[in-house]
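The residues making up each chain are set out below.
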Amino acid sequence: MKKSLVLFLCLVLVSTAFLAGCSPKAEDTTPVVETPPASTEEPAPTEEPVAEEPSGTLVVGITEASGNFNPLYYSSAYDGYVVDMVFEGLVARNFEGEFEGVVADSWEYSEDGKSITFNMKKDLVFSDGQPLTANDVVFSYLVLADPSYTGRYSSAVKDMVSYDEYYAGETEEFTGVVALDDYTVQFNFKEALRTNFAETTYAILPAHYYGADFEPGNTASVEALSTEAMGSGPYLISQFKEKELVYLERNPLYKGEGYMIQDIILKFVDMTTDIVELTSGNVDLLAGAIEPTKISEARNNGFSINSYNRSGYGYIKTNNEFGPTADKLVRQALYYSFNVKEFVNSYYYDKDTDQVLASTQYHPFSQVSWAITDELKAEMIEYDFDLEKAKALLEEAGWVVGPSGFREKDGVVMELNIAAMPDHDILATLIPMWERDWGQGLGVKLNIAYLEFNTILDYVIYNSDANVENWSLFFLATSITTPDPHSLYTVFHSDYIGSGNDNTSRYSNPRVDELLDEAKGIMDIEEAKPIYAEIAKILNEDAAMMPVYANTYFDLYNPKLVDFNTSSLYNWVQALKDAKIVE
């Protein structure tokens, strides 16, 4: 399926992908794999027996899942892990970054490039035994096209034939996705766009289950089925305990290849103690670890480690619609007075290797995006720490130090309402820096609100319209599942401002909207690069987002987990396809 996930403290970005068979591969993202030396006391067998049946249990430490396991409505990357194990799409990326069939056997384009027809496998069933057919694909996209749909993934259908008319109520028939027969489904687009193929990759929901009470114009019954998920994927949800765990077991009716681990337990662990959970044997895998101290401890305790460039970054987003941060000058001042390099060089310093395991960047693309060029990086404004420049920008914006000792404008004190998670390693470092430089250095009043992860998501995604006046900025992180910069589309296009949408900073710039619309129609990525470069320069000047770090990911795991291969665009859930447990 298609998604961009925010691992760690993350939001999921809607991602795009290359057209199969006619796109270049992403840059080499092959991971470095560290494994502990074999014991000298007892020689290891030269060959492990191949498991004929799924076996073993893998306990994975994650921050927390909210319990929204509906592919059309979830937002948290942690919920996304469950979704990806329970559901399947027509195609998915393999380790090399290329699309391969999952539910689809094959596919072909029409001569004009506007239609893509998929021939589906005929022996697949959902976990209740009902067959998976083209009608289920049509149903899944019909929900996305419905005018009452309130989730985050409507961008998948907006470029399809008849979407505008269907959404406006001018027709009762949505012809963007059509079942030609039980096992042939056709996607019809208004134009031949580079981004079309990625829109065909969403998870397939069983119409007989999710659509039992569905009527066009009312998707509430579909949205209500969030925790009790049913798909055709390799796993079933056996148990969900709020604030504790998600227990998944192998789907006995799964028809695909691999996934030879019988049980997967997602155990919710605190970020401040998760490494203790690993080294004490309470969990077997910590995916996407970033802290040098944890990596060192895992290495010194004999755990296996995969490392690779993260396709994503940690970032700060400001409220571009309400309060002081709605002013570009204020956003620029905050950027200049946030010592990003100090944070990165301190937090990510690995004393074992005498290296910094992250870097700073000022563009909005992932490290593996094809949009990045040396010319682009050279044209970015580098917001190097400059407290005096920040003060001058605030004064230019009308914020001067008043009798209160804080910056004031028209008698109103400048306040920043910061939404932060408690007991978070990175925020425990960032907040004192902000208090030092924004608070004491600039004279800004900081109000730190410690909120649970799911509450922050409610603030900035699910119920963002009602909460727009409650926050000024937040720190989160994202992982992006594609090298295509079209992943920025829903994040910065003004069409996606509002509750349930991805434009969490509520950023609006007509020129950026125009360029994003233009760029997705360019098939040749070399021709598209200058358009994305212009977008990046505008976002950079507007300080629409502050990238904090682009880092290396480290998957730390028990050596009993073997054949476990992850990379920048192939996460731990995908890697389970070939992995197994050898006790």
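Draft legend 1. Focus on the overall build of the protein chain. When you go through the protein chain residue by residue, the secondary structure sums to 18 helices and 26 strands. In terms of overall size, the protein chain behaves like a compact globule, its C-alpha atoms giving a radius of gyration of 24 Å where 583 residues would be expected to give roughly 25 Å. A principal-axis box enclosing the C-alpha atoms of the protein chain has dimensions of 75 × 75 × 45 Å. In the protein chain, which comprises 583 residues, the proportion classed as buried is 58%. Of the contacts made within the protein chain by residues no fewer than 6 positions apart, 71% connect residues no fewer than 24 positions apart. With an accessible surface of roughly 22,400 Å², the protein chain has 46% of that area assigned to carbon and sulfur atoms. Within the protein chain, one finds 39 positive and 92 negative side-chain charges whose respective centroids are separated by 4 Å.

Draft legend 2. Representation of the packing of helix α8 (residues 328–336) against helix α11 (residues 387–396) in the model. At a minimum axis separation of 8 Å, α8 and α11 run at an interaxial angle of 165 degrees. Judged by the angle between their axes, α8 and α11 are roughly antiparallel. Note that α8 runs across α11; the crossing there is left-handed. Contact with α8, carried on its side by Leu329, Val330, Gln332, Ala333 and Tyr336, involves Lys389, Ala390, Leu393, Leu394 and Glu396 of α11 and no other residues of that element. Split by residue class, the contact of α8 with α11 holds seven nonpolar, one polar and two charged.

Draft legend 3. Quick peek at the environment of leucine 556. Mapped onto the elements, leucine 556 comes out in strand β24 (residues 545–557). The buried category is assigned to leucine 556, whose relative accessible area is 0%. Each C-alpha atom, one on leucine 556 and one on serine 307, is 8.9 Å from the other, the two residues being 249 residues apart in sequence. The residues contacting leucine 556, other than those within four sequence positions of it, are Ile275, Leu278, Asp284, Leu285, Leu286, Ala289, Lys294, Ile295, Ala298, Ser304 and Ile305.

Draft legend 4. Structural detail: the sheet that holds strand β6 (residues 115–120). Sheet architecture is open: four strands sit in the order β5-β6-β8-β7, paired in antiparallel fashion. In the strand order of this sheet, the two ends are held by β5 (104–109) and β7 (177–181), each with one partner. When strand polarity is set aside, the average angle formed by the axes of neighbouring strands in this sheet is 20 degrees. Where β7 meets strand β8 (residues 184–188), four bridges bridge the pair, whose relative direction is antiparallel.

Draft legend 5. Inspection of helix α17 (residues 525–542) at higher detail. Its 18 residues place the ends of α17 25 Å apart at the C-alpha level, agreeing with the 26 Å of an ideal helix rising 1.5 Å per residue. Along its buried surface, α17 packs onto α8, α10 (374–379), α15 (489–492) and α16 (510–519). At the N-terminal boundary of α17, the capping side chain belongs to aspartate 524, with an oxygen 2.9 Å from the backbone nitrogen of glutamate 526. Once α17 ends, the next one or two residues include alanine 543, with phi positive near 50 degrees.

Draft legend 6. Spotlight on the confidence of the model for the protein chain. Across the protein chain, the average pLDDT comes to 91, with 91% of residues at 70 or higher. A low-confidence stretch, residues 1–30 (pLDDT under 50), is modelled with 152 contacts involving residues beyond four sequence positions or located in other chains.

Draft legend 7. Representation of the packing of aromatic side chains within the structure. Within this structure, the stated rule accounts for 42 aromatic pairs. For the ring pair tryptophan 370 and tyrosine 532, a centre distance of 5.9 Å and an interplane angle of 80 degrees mean the geometry is edge-to-face. With tryptophan 370 in the loop between β17 (358–359) and α10 and tyrosine 532 in helix α17, this residue pair connects regions lying 162 residues apart in the sequence. Ring-pair connections join several aromatic residues into one group, and the members of that group are Tyr74, Phe99, Trp107, Phe118, Tyr141, Tyr153, Phe187, Phe197 and Tyr202. If you follow arginine 93 out to its NZ or CZ, it ends over the ring of phenylalanine 99, 4.6 Å from the centre. For lysine 317, the ring lying beneath its charged end belongs to phenylalanine 492, and the centroid distance is 5.4 Å.

Draft legend 8. View of the packing of α16 against α17. In contact at an axis separation of 9 Å, α16 and α17 are set at 155 degrees when each is read in the N-to-C sense. Judged on the interaxial angle alone, α17 and α16 are roughly antiparallel. You can see that α16 and α17 cross each other, and the crossing is left-handed. Facing Arg511, Val512, Leu515, Leu516, Glu518 and Ala519 of α16, the residues of α17 in contact are Ile531, Tyr532, Glu534, Ile535, Ile538 and Leu539.

Draft legend 9. Focus on the pattern of salt bridges. Inspection of the entire model under this criterion finds 28 salt bridges. Of the charged contacts in the structure, one is a salt bridge between arginine 506 and glutamate 321, with a shortest N-O distance of 3.0 Å. Note that arginine 506 is positioned in the loop between α15 and α16 and glutamate 321 in the loop between β14 (312–318) and α8, a separation of 185 residues in sequence. Of the residues examined, arginine 506 reaches a relative accessible area of 8% and is grouped as buried. As a salt-bridge pair, arginine 511 and glutamate 534 come within 3.0 Å of each other at their nearest N and O atoms. With a gap of 23 residues between them, arginine 511 in helix α16 and glutamate 534 in helix α17 connect regions that are remote in the sequence. According to the relative accessible area criterion, arginine 511 is partly exposed, its value standing at 32%. Among the ionic contacts, a cluster of salt bridges with common partners joins Asp274, Glu291, Lys294 and Asp425.

Conventions adopted
Residues numbered from 1 in each chain as written. Predicted model: local features only at pLDDT ≥ 70, side-chain atom pairs only at ≥ 80, totals over all residues. Heavy atoms only, no water. Helix = DSSP H or I, 4+ residues; strand = E, 2+ residues; numbered from the N terminus. Rg over C-alpha atoms; globule rule 2.2 N^0.38 Å. Buried < 20%, exposed > 50% of the residue type's maximum accessible area, 1.4 Å probe, protein only. Contact = heavy atoms within 4.5 Å. Areas by Shrake-Rupley, 256 points an atom, 1.4 Å probe, with all protein chains shown as cover. Lys, Arg positive; Asp, Glu negative; His and termini not counted. Charge placed at Lys NZ, Arg CZ, Asp CG, Glu CD. Axes fitted to C-alpha atoms, helices over the stretch in contact; angles between N-to-C directions. Parallel < 35°, antiparallel > 145°, perpendicular 65-115°, else oblique. Left-handed = near helix turned anticlockwise from the far one by under 90°. Nonpolar A, V, L, I, M, F, W, Y, C, P; charged D, E, K, R; others polar. Pairing = 2+ DSSP bridges. Expected span 1.5 Å × (residues − 1). Polar contact = N/O pair within 3.5 Å; in protein donor to acceptor, adjacent residues only side chain to side chain. pLDDT = per-residue confidence, 0-100. Phe/Tyr/Trp six-rings, centres within 6.5 Å; stacked < 30°, edge-to-face > 60°. Lys NZ or Arg CZ within 6 Å of the ring centre and 35° of its normal. Salt bridge = Lys/Arg side-chain N within 4 Å of Asp/Glu carboxyl O.

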